[in-house]
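# Residue-level structure breakdown
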12 protein chains.
Amino acid sequence: MIYVLNGPNLNRLGTREPAVYGSATYSDLVDICESTAEDLGVTVEVKQTNAEHEMIDWLHRAADEGADVVLNAGAWTHYSIAVRDACAMLGGKLVEVHISNIHTREEFRHHSVISGVATGVIVGLGFDGYRLALEHIAR
Amino acid sequence: MIYVLNGPNLNRLGTREPAVYGSATYSDLVDICESTAEDLGVTVEVKQTNAEHEMIDWLHRAADEGADVVLNAGAWTHYSIAVRDACAMLGGKLVEVHISNIHTREEFRHHSVISGVATGVIVGLGFDGYRLALEHIAR
Amino acid sequence: MIYVLNGPNLNRLGTREPAVYGSATYSDLVDICESTAEDLGVTVEVKQTNAEHEMIDWLHRAADEGADVVLNAGAWTHYSIAVRDACAMLGGKLVEVHISNIHTREEFRHHSVISGVATGVIVGLGFDGYRLALEHIAR
Amino acid sequence: MIYVLNGPNLNRLGTREPAVYGSATYSDLVDICESTAEDLGVTVEVKQTNAEHEMIDWLHRAADEGADVVLNAGAWTHYSIAVRDACAMLGGKLVEVHISNIHTREEFRHHSVISGVATGVIVGLGFDGYRLALEHIAR
Amino acid sequence: MIYVLNGPNLNRLGTREPAVYGSATYSDLVDICESTAEDLGVTVEVKQTNAEHEMIDWLHRAADEGADVVLNAGAWTHYSIAVRDACAMLGGKLVEVHISNIHTREEFRHHSVISGVATGVIVGLGFDGYRLALEHIAR
Amino acid sequence: MIYVLNGPNLNRLGTREPAVYGSATYSDLVDICESTAEDLGVTVEVKQTNAEHEMIDWLHRAADEGADVVLNAGAWTHYSIAVRDACAMLGGKLVEVHISNIHTREEFRHHSVISGVATGVIVGLGFDGYRLALEHIAR
Amino acid sequence: MIYVLNGPNLNRLGTREPAVYGSATYSDLVDICESTAEDLGVTVEVKQTNAEHEMIDWLHRAADEGADVVLNAGAWTHYSIAVRDACAMLGGKLVEVHISNIHTREEFRHHSVISGVATGVIVGLGFDGYRLALEHIAR
Amino acid sequence: MIYVLNGPNLNRLGTREPAVYGSATYSDLVDICESTAEDLGVTVEVKQTNAEHEMIDWLHRAADEGADVVLNAGAWTHYSIAVRDACAMLGGKLVEVHISNIHTREEFRHHSVISGVATGVIVGLGFDGYRLALEHIAR
Amino acid sequence: MIYVLNGPNLNRLGTREPAVYGSATYSDLVDICESTAEDLGVTVEVKQTNAEHEMIDWLHRAADEGADVVLNAGAWTHYSIAVRDACAMLGGKLVEVHISNIHTREEFRHHSVISGVATGVIVGLGFDGYRLALEHIAR
Amino acid sequence: MIYVLNGPNLNRLGTREPAVYGSATYSDLVDICESTAEDLGVTVEVKQTNAEHEMIDWLHRAADEGADVVLNAGAWTHYSIAVRDACAMLGGKLVEVHISNIHTREEFRHHSVISGVATGVIVGLGFDGYRLALEHIAR
Amino acid sequence: MIYVLNGPNLNRLGTREPAVYGSATYSDLVDICESTAEDLGVTVEVKQTNAEHEMIDWLHRAADEGADVVLNAGAWTHYSIAVRDACAMLGGKLVEVHISNIHTREEFRHHSVISGVATGVIVGLGFDGYRLALEHIAR
Amino acid sequence: MIYVLNGPNLNRLGTREPAVYGSATYSDLVDICESTAEDLGVTVEVKQTNAEHEMIDWLHRAADEGADVVLNAGAWTHYSIAVRDACAMLGGKLVEVHISNIHTREEFRHHSVISGVATGVIVGLGFDGYRLALEHIAR
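Residues numbered from 1 in each chain as written. Chains lettered and ligands numbered in written order. Predicted model: local features only at pLDDT ≥ 70, side-chain atom pairs only at ≥ 80, totals over all residues. Heavy atoms only, no water.

## Some thoughts on the sheet that holds strand β2 (residues 44-48) of chain I
- Read across the sheet, ten strands follow the order β2(G)-β1(G)-β3(G)-β4(G)-β5(G)-β5(I)-β4(I)-β3(I)-β1(I)-β2(I) without closing on themselves; strand pairing throughout is mixed. Among the strands making up the open sheet, the edge pair consists of β2 (44-48) of chain G together with β2 of chain I. The sheet shows a mean angle of 15 degrees between the axes of neighbouring strands, taken without regard to direction.
- Contacts from helix α2 (residues 26-40) of chain G reach β1 (2-6) and β2 of chain G, with the element oriented near 165 degrees to β2(G). (Pairing = 2+ DSSP bridges. Helix = DSSP H or I, 4+ residues; strand = E, 2+ residues; numbered from the N terminus. Axes fitted to C-alpha atoms, helices over the stretch in contact; angles between N-to-C directions. Contact = heavy atoms within 4.5 Å.)

## Comments concerning the sheet that holds strand β4 (residues 94-98) of chain D
- Taken in spatial order, the ten strands of this open sheet run β2(D)-β1(D)-β3(D)-β4(D)-β5(D)-β5(F)-β4(F)-β3(F)-β1(F)-β2(F), and their pairing is mixed. Two strands lie at the open edges of the sheet, namely β2 (44-48) of chain D together with β2 (44-48) of chain F, each paired on one side alone. Across the sheet, the mean angle from the axis of one strand to that of its neighbour is 15 degrees, orientation sign disregarded.
- Here strand β3 (residues 68-72) of chain D pairs with β4(D) via three bridges, running parallel. Paired with D:Leu71 across the two strands is D:Glu96, which belongs to β4(D).

## Side note on helix α3 (residues 52-65) of chain I
All names here are of chain I.
- Between its first and last C-alpha, α3 extends 20 Å over 14 residues, near the 20 Å set by a 1.5 Å rise per residue.
- What α3 keeps buried is the set Glu52, Met55, Ile56, Trp58, Leu59, His60, Ala62 and Ala63.
- On its buried face, α3 is in contact with β1 (2-6), β2, β3 (68-72) and α4 (81-87).
- Immediately downstream of α3, the backbone of glycine 66 shows phi near 65 degrees, a positive value. (Expected span 1.5 Å × (residues − 1). Buried < 20%, exposed > 50% of the residue type's maximum accessible area, 1.4 Å probe, protein only.)

## Considering the side chain of D:His136
- Examined against the element boundaries, D:His136 turns out to sit in helix α5 (residues 128-138).
- A relative accessible area of 6% places D:His136 in the buried class.
- Aside from chain neighbours lying at most four places away, what touches D:His136 is D:Lys93, D:Val95, F:Leu125, F:Asp128 and F:Leu132.

## Notes on the pattern of salt bridges
- In this structure the tally under the stated criterion is 96 salt bridges over all chains.
- Between E:Asp128 and A:Arg139 there is a salt bridge, with the nearest N and O atoms lying 2.6 Å from each other. Of this pair, E:Asp128 sits in helix α5 (residues 128-138) while A:Arg139 sits in the segment after α5 (128-138), each in a different chain.
- Using a relative accessible area of 9% as the deciding quantity, one classes E:Asp128 as buried.
- One salt bridge in this structure joins C:Glu135 and B:Arg139, with 3.6 Å as the shortest N-O distance. Pair noted here: C:Glu135 is in helix α5 (residues 128-138) and B:Arg139 is in the segment after α5 (128-138), and the two residues belong to different chains. (Salt bridge = Lys/Arg side-chain N within 4 Å of Asp/Glu carboxyl O.)

## Side note on the pairing of β2(F)
All names here are of chain F.
- Within β2, four of the five residues are buried, which leaves it mostly tucked inside the rest of the structure.
- Relative to β2, strand β1 (residues 2-6) runs parallel, the two sharing five bridges. If you follow valine 4 over to β2, its bridge partner there is valine 46.

## A look at the side chain of G:Ser80
- In this fold, G:Ser80 is placed in the loop between β3 (68-72) and α4 (81-87).
- When its relative accessible area of 0% is taken as the criterion, G:Ser80 is described as buried.
- Separated by 2.8 Å, the side chains of G:Ser80 and G:Glu52 make a polar contact.
- Filtering out sequence-adjacent residues up to four positions away, G:Ser80 remains in contact with C:Tyr79, G:Glu52 and G:Val113. (Polar contact = N/O pair within 3.5 Å; in protein donor to acceptor, adjacent residues only side chain to side chain.)

## Points about the interface of chain E and chain A
- The partner chain A presents 20 residues to the 20 residues of chain E that form the contact.
- Each partner contributes to the roughly 1700 Å² buried at the junction of chain E and chain A, and carbon and sulfur atoms together form 53% of this total.
- Area buried by chain E at its contact with chain A is led by E:Leu125, E:His136 and E:Arg139, which between them contribute 28% of it.
- Put simply, chain E and chain A have four salt bridges between them.
- No other element matches the five residues that α5(E) contributes to the side of chain E that touches chain A.
- Here the residues of the side of chain E that touches chain A sort into seven nonpolar, nine polar and four charged.
- Sheet topology note: the strand β5 (residues 120-123) of chain A/strand β5 (residues 120-123) of chain E ladder contains three bridges and is antiparallel. Across the sheet, A:Ile122 pairs through a bridge with E:Ile122, a residue of β5(E). (Buried area = accessible area lost by both parts, 1.4 Å probe. Nonpolar A, V, L, I, M, F, W, Y, C, P; charged D, E, K, R; others polar.)

## Quick word on the pairing of strand β3 (residues 68-72) of chain H
Residue and element names in this part refer to chain H.
- Counting buried residues along β3, five of its five residues qualify, which places the element largely inside the surrounding structure.
- The alternating pattern of β3 places Asp68, Val70 and Asn72 and Val69 and Leu71 on opposite faces, both of which are buried.
- Bridge analysis of strand β1 (residues 2-6) against β3 gives five bridges, and the strand direction is parallel. In the strand pairing of β3, leucine 5 is matched with leucine 71.
- For the crossover that starts at β3, traverses helix α4 (residues 81-87) and ends in the parallel strand β4 (residues 94-98), the hand is right-handed. (Right-handed = clockwise from strand over helix to strand, strands pointing away.)

## Quick look at the packing of aromatic side chains
- Within this structure, the stated rule accounts for twelve aromatic pairs over all chains.
- Ring geometry for E:Tyr79 and K:Tyr79: centres 5.9 Å apart, planes at 75 degrees, overall edge-to-face. One end of the pair, E:Tyr79, is in the loop between β3 (68-72) and α4 (81-87); the other, K:Tyr79, is in the loop between β3 (68-72) and α4 (81-87), on a second chain. In this pair, the class of E:Tyr79 matches that of K:Tyr79, namely buried.
- Following the ring pairs from residue to residue traces out a cluster consisting of A:Tyr79, B:Tyr79 and D:Tyr79. (Phe/Tyr/Trp six-rings, centres within 6.5 Å; stacked < 30°, edge-to-face > 60°.)

## Here's the deal with the interface of chain A and chain B
- Across the contact, 16 residues belong to chain A and 16 residues belong to chain B.
- Overall, the association of chain A and chain B removes approximately 1300 Å² of surface from exposure, summing both partners, and the carbon and sulfur fraction of that is 54%.
- Counting the contacts that link chain A with chain B gives three salt bridges.
- Between B:Arg84 and A:Glu106 there is a salt bridge whose closest N-O contact spans 3.3 Å.
- Our count for the chain A to chain B interface comes out at nine residue pairs in polar contact (both at pLDDT 80 or more).
- Split by residue class, the side of chain A that touches chain B holds six nonpolar, five polar and five charged.

Put into structure tokens, the structure is as follows:
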């Protein structure tokens, strides 16, 4: 099982700042992840939440199952040490993904509190970042 | 519709540090907002939550409706980039309000992560700040 | 008596960076303040100066009279501790006003040396900020 | 009544980074607190949550009851000003506890936003820190 | 044409800090890139240099040809604004790749002067990062 | 043997800033430590010095004996790396104690150069902090 | 019309720190500017003031006339945002000039609040900097 | 001739923040300086201005006369590099005086841009600081 | 002999970011320098390199010949202390030139490691900066 | 009784860096203090030590006696919080004195950890600073 | 084999800033190294380059041979992470040498990016530093 | 006479953190220094103290005798400006020695307050650093 976990405001893809995130919607994202998983012969569960505690619970579950995780923590990326601590418990791979290139945006988006406990990070490649993360884990 | 959204601990007004916030209660605040709205001939919905995800959901709804927002994000003002990102989606006006003068308090209260996506900010004028924010939006 | 005091370059409103400040002129601003005062039944004196010492003298006078002040210190906001010290002498209310949202502009405009001695601050609501400040004081 | 409140990821004790936190579990921690309370002749309620809003609600209740609190805010220690503000409302004692020595870990764990409103802090003494905190309050 | 350009010390892969970079060699890396390119039906040219001026010349050529670039600038990532400026001239895509997770290493490796002009960044996924970068460009 | 070592100005307890440290004297502190030790069935030696070299010598002796140490290094806490280095030699436990809550005092008191080599730290619990430290070591 | 505007203490050239500024006087500077202007066939008006408000007024006039400006703001260079704001209104060219090389002097002289709104800057070339600025504008 | 020059807001002594500056007035200060001068057999000229340019002019005159100066630059102390530059021209002694102890006040008052070009500084000794400065110069 | 030395990427003028640098090419720049030199009756040698060591060698030669140098070090301006050290050996004049106004660009372009050893600096005046530098040296 | 206490290396006056401190010796300083005291009709005790603990003991004694202190803490000024804490216990006046102008020396000498608990500070007036301090206390 | 590797501008010894580096030349340095080696009975190869890539290549060769290195990286010391990374590959000893005392020079020379991967560092002992480094390695 | 002076905790060599300092003892160090001195035909006096004042006294004596000094100030290296000031009085050479490579240890050990007044520094070469320092002085 690979979990694809999405943080706050990502349910708004397509509506939210299309200049930054493109016009494809969250449900398009789910489709891409699921069809990629199918192609790769792996099982994937794609989820989104605006609640920090729900994200933490999902990460605990993934830790219990030894599952791999693709994580776009959204804005929490920059301050939620609670999410980071939950990530640190994972036994499987953790690939951090950001749709836009956070390094070309506001200064406070340049730093991630999660990268230090991730396996790797994919930034700025749009929805394709999720696909690449899944391919990496599947290999 | 104008949403008046209040963040963590603001349900404790009157009890919480009266030296800083005065002795009027949260329900007094709701009354002031509602009667001001009535005077101005606008509809207002006043809400409070201690849960970041609930605040984000309310902001998403306001964005969908193109509504204006008066926001006192309480302590989230200083770190919740998730709330900021939700604010950035608003099509209507966003007036950030703080009851006390945050610039005369602890250093960490001097910076707001929300101001950068707000229309304007009213600080230190007590409950009257909400009234002025509503008047500004109504005009 | 309420003094509405404006600092450097504000006499250029309408001409100065209309993208930031709008096309209304300083004399429009004076009109708004005066008609607001009339509506509120208070006396107002609206003044502008490019000279720090003149601003300081006006603040001394306001201190002597126990008057309230609406202050847009313009660029001095960010460095004139001399103006701050004069503000600290006021016995009446001091509402700091900025026409544009200084938090969305250059980094050096994000900090005000005056807010620490003000009653409150209104930022980014255009000329309406003056009107709201007068209403607050009049109440 | 003394509340022993635990923040995010602490339900994972025993599983979570045993090199840092030891192999005893959260339920061992509850036992230690409860048996200490019994020895001291005080009533204790031990709780854990991954949700910031739930922690805030518990702190509000403690404030209403004038109760003392032993708080291990976990990762929130380092950024949740909302939790700090709720702590500031307490009328009883507040002893901040950390199981591991946060000063020997990552730089971002060296600073607590809560200590400034606590009665005192106990760091690095393992589960025994809870016991000592209860003893201190009981005396 | 897609250029895969590698900066200083990357010719030492396999010998250099195997604990960090693994034991596969630079020539293994070339093979992976070339076979991936073949699979994808694209042409790739894989090169390595320890000379900043040679890297700049290659980037100029890529800019002239409107080619896409996969760039692992090695240590230059952290200080060579000259390489950054050459990258900024590219008309095609630029995917920045790092073999190891630079965010878990020394503080000075956490900042890249190149990310600000890249399309995206892939960090910490080993040689697979190159493969993913090529796939992204090829799609 | 447990050493309770006190640094500069602590011989002035009772006289020194009673608003911060209370009115109990240094000799009261010695009594508390000694009676606690008796209760716990351990031997304790309580000492105070204003001389850094004497403190270092005592720590060396404790290191030689493999003894545990309760240390209130007073102002040295914030700058004496020499005392820190001596602490680093200890084989037994080292509990750092501060009578007042240093996190609610001047900025320069928020950082301890000693915590990084201590087992744990107890802050702000008055003389009781010594008692708790002894209990912890005795267990 | 080209205005050559000089800020505080520049009337003291020749007397002021000759080791830094040379022994030529302010009136020599005026002569150089006027004769250069004559050579170039342009009209120039050279002025100096120690009063910030006078400088601001001159800049307003230049803005009204769409004139070009050569500005040596002296010490205001480093803190007068009011002068900067007046400069930002200019429609013509603004060449910032400094007689000495400010980058080889005290740290606080290395930063100019004006350069960000200037067309260009000439530093360290003595009085010749004014001549070059005039030539540039005249071309 | 010794000049005793006072900067902004010092004409308000006695009225201004008596808790900080005491209740004696500016005219009391003039008297103290003049009678001290008489006792010492020196001539003194005591002046105050809120205008930076006037202060600069006075300093230029003192420089021309080779006179000594006692300077309380008030708030300019912390930012007016223009006043500093004028001070740097003095051939006589320059004693910087502050009535209150600026090191026990706001952080931004701890730094003086003038001290680096002064002969010496007297801080926190009230009006007596002027007397001592005059005595020092007279000796 | 006057050397006009250009650093990395400047061979790309005309192609490189025309919005910043204009559409004139490097060969236009050479022409301007050479014709200016002819007008001034001086000999000039205009060179460009992307290799730091070549630039250093040229500066050594200029030092040996006691020649003057006009230097646009491009991106090296911001980090190449090696180029700075070579500049420090020059006996003749060194005029640092930048085509664009580096103070209106990214933060990291605001600082030059070379200015501290230059005679003077000309910024933001386009190719004309080279002409003015040559005129200054020729005078 | 007024104590004049001198810290490390001040016994070397006359020998130590005469360019900075002049050629008068420590014993000259004692003479000046004693004869000033005689003139003022006060008793003075002038002491010097290189040992922090001895200085702390002297300050404790002065605190016990309610005596005033003139303190030149030498290098401790910049780091000895232990000396600061002892100073904070004084009931009498504390005048901090520095012979040289510490603001024109190395950056690390610009900050004093003692000024925050002193009555006032006299800097840069040579041995005369001691005399003025005694006069101030005697008045 | 021991390599003695010298970075940019060191070929200019004797000519370059003799006040800092003395009048002995680079060829004198080579002689000293070679005769020291002869005395010690070791083989030494002394080289200098202004090209970063050449230095990197030499370090790679030394790594392959397991040779010891004496390195004076000149200005690269302060920014070339590429050279640092090459140093990190060495299996033998690496002694970093600086002829002048970099700690008494400009602030930016106080930090070395290389020291963190060196065996040791010798600073400020002139050419003798090389001799001592060779002796150390030979022992 | 050459003094070899050692600061706090160095009497513990062999016992103290053998992983960092090796297992040789302080008395081994004395032997190495004395036998080296004998070989070099110079007189050496090797001393150690944990008392800052004793170190200062020894440095004063060395200054009086015009002697050279080899100094390992231990932890004082990083904060004792008093020791630095005593070092600044030396007429002979001062070679600062550190046994371990302080640049590979904690951040706070990277800075020495003494290097700025030393002739040179030897770091990380173990006890051999003392031998090299003596050889350098003897030459």
